[in-house]
Amino acid sequence: MKPPHPIKPSRLLVPLGIGLILCLFGDATLYTVLPKQDIMLEAGITLGMVGIVLGINRMVRILSNGPAGWLYDRLPRRVLMIGSLTLGAVSTAFYTLSQGPSLLLAGRILWGIAWSGIWIGTTTMTLDISRDTNRGFINGQLQMWYFLAIAIASFSSGLITDLLGYRGGLWLSTGLGLLAVLTWLLFLPETRQVAKPAGRASTWQTKPPLPWRLAFSLTIPYFSMRIVFEGVLAATTILWLGQFIDRGLPFGKLTIPLATLTGLFTALRVVVSILSAPWIGKVSDLLGRRWAVLAVVLLLGILGLWGMSQPHFGLSIASGLLAAITGGAIPLLIPAVVGDRVPGELHGRTLGFVFSWGDFGSGVGPSLGLALIPLIGIGQTYQLCALLLFLAGLFSLFQAVHERPFQHPAAR
């Protein structure tokens, strides 16, 4: 759809990836240690407030994704990205300074706004430098960096808190966030093509309408993935493993505690997503049929969730790792479809719309999963998740049947 961009993928993805790793420490610290009783007391909040603090940023993004996408369609990417990252560092400083829920909630609201700018901008810049023949692979590399950032930040945040304490760890996280800002100031390139033909309308004049039919279509697999993987599974993994090894796993003379095993399994899932994402993107590039690949990876998720619902430890673990392929593949395939089918000046708004539905899914997913388990059990809850992915897979298959493969530039 467009000629090769002069910016090499590594020239963009390396600083983007480093920035993602550094900026996630504050957020990861809260998710990792805030539910602990002593940390809650130090933060000055109650157990009931923890869930609100950890979830409000996602609900904020439902409102902030749209304006963020609108801005990215009209302004240079680099300025917005650096501003968003700076806001993220400020939000971590708010966590550190808070002595109760007010400033902590304010920081989480700021982080929700900041992440809208960071993630929509990161995805939009990745689409800027990609073309039909490599869009899936490049988006897969971005997902690899994102999952690596989550893994490093989640693992290190607990260690840093143990070494420096709650507030000491957050002050270090604030410093790392500012280091991310400096990294982007020095190394992040501008990817938006600002040169306009003579007589072209101003950037601020009305843009063409969003391709609503495509945008709504993309929300179905994306919402399904987020409510299942970043909602239900993220909140219930420790309960699922507890069915098999409630008192820990014997290992020689030691017993590995359940919480540690949950962290290890989560890390393994991240590794599977890191390793599989770029190559699934590559396959979608070679086939030129993103919806068909979406249908296949949703099938893998259905099989994985169904296996996780069974009362067999080995089968459940293997199935959980199989399902992780789906969790890593859908976030790269959705932006690739946007890059294939949507004009460049509408990338930000389209992504903002789709991501808002995803944030809604990940926001309600934990509460939904934890509410269902006492009523119907973990197995049946995971089977309902498999059913949701099945419906999304049927829809994707329908789209694939009617999909017109995009043409590579060499074929034109």
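Up top is the structure these notes are about.
Here goes a summary of the coordinates provided. Just so we're clear, the structure is a prediction, and the values are computed from it rather than from any experiment.

Criteria and cut-off values
- Residues numbered from 1 in each chain as written.
- Predicted model: local features only at pLDDT ≥ 70, side-chain atom pairs only at ≥ 80, totals over all residues.
- Heavy atoms only, no water.
- Salt bridge = Lys/Arg side-chain N within 4 Å of Asp/Glu carboxyl O.
- Helix = DSSP H or I, 4+ residues; strand = E, 2+ residues; numbered from the N terminus.
- Buried < 20%, exposed > 50% of the residue type's maximum accessible area, 1.4 Å probe, protein only.
- Core = buried A, V, L, I, M, F, W, Y, C linked by side-chain atoms within 4.5 Å.
- Contact = heavy atoms within 4.5 Å.
- 1 Å grid on protein atoms, 1.4 Å probe; cavity = no way out; pocket = protein on both sides within 12 Å on 5 of 7 lines; lining within 4 Å.
- Points joined across faces, edges and corners; volume = space filled by probe spheres on them.
- Nonpolar A, V, L, I, M, F, W, Y, C, P; charged D, E, K, R; others polar.
- Expected span 1.5 Å × (residues − 1).
- Bend = angle between axes of the 7 residues up to and from the residue.
- Patch = residues over 30% accessible without salt bridge, like charges linked within 9 Å, V, L, I, M, F, W, Y side chains within 5 Å.
- Areas by Shrake-Rupley, 256 points an atom, 1.4 Å probe, with all protein chains shown as cover.

Inspection of every chain in the model, using the stated rule, returns nine salt bridges. The salt bridge involving R61 is made with D359; its shortest N-O contact spans 2.7 Å. Taken as a pair, R61 in helix α4 (residues 47-72) and D359 in helix α13 (residues 347-376) lie far apart in primary sequence, 298 residues in all. Its relative accessible area of 6% is what places R61 among the buried residues. Given the relative accessible area of 4%, D359 is considered buried. Across the pair D340 and R290 runs a salt bridge, and its minimum N-O distance is 2.6 Å. Note that D340 is positioned in helix α12 (residues 313-341) and R290 in helix α11 (residues 290-308), a separation of 50 residues in sequence.

Let us look at the nonpolar core. Core analysis: the biggest nonpolar cluster contains 106 residues, and L34, W115 and Y166 have the highest contact counts within it. For this core, the element with the highest residue contribution is helix α9 (residues 212-242), accounting for twelve residues. The residues touching Y166, leaving out its near neighbours within four places in the chain, are L30, V33, L34, I39, E42, A43, Y95, L104 and T161.

For the rest of this paragraph, the subject is empty space enclosed by the protein. Counted under the stated rule, the structure contains one cavity of 30 Å³ or more. Lining the largest cavity are C23, L85, G88, A89, T92, S173, T174 and G177. Looking at the lining of the largest cavity, the element that brings in the most residues is helix α5 (residues 77-97), giving four residues. Across the lining of the largest cavity, the residue classes tally to three nonpolar, five polar and no charged.

Taking 1.5 Å of rise per residue, 30 residues should cover 44 Å, and α13 covers 41 Å from first to last C-alpha, within 8% of that figure. Where α13 bends most, the angle comes to about 35°, and this point is G365, followed within four residues by the proline P366. Just past α13, the residue G377 takes up positive phi, approximately 95°.

On to a nonpolar patch on the surface. Taken together, the side chains of L375, I376, L384, L387, F390, L391, L394, L397 and V401 define a hydrophobic patch exposed on the protein surface, amounting to about 850 Å² of accessible area. Examining the composition of the nonpolar patch, we find that seven residues originate from one element, helix α14 (residues 378-401), more than from any other. Mapping L375 onto the fold places it in helix α13.

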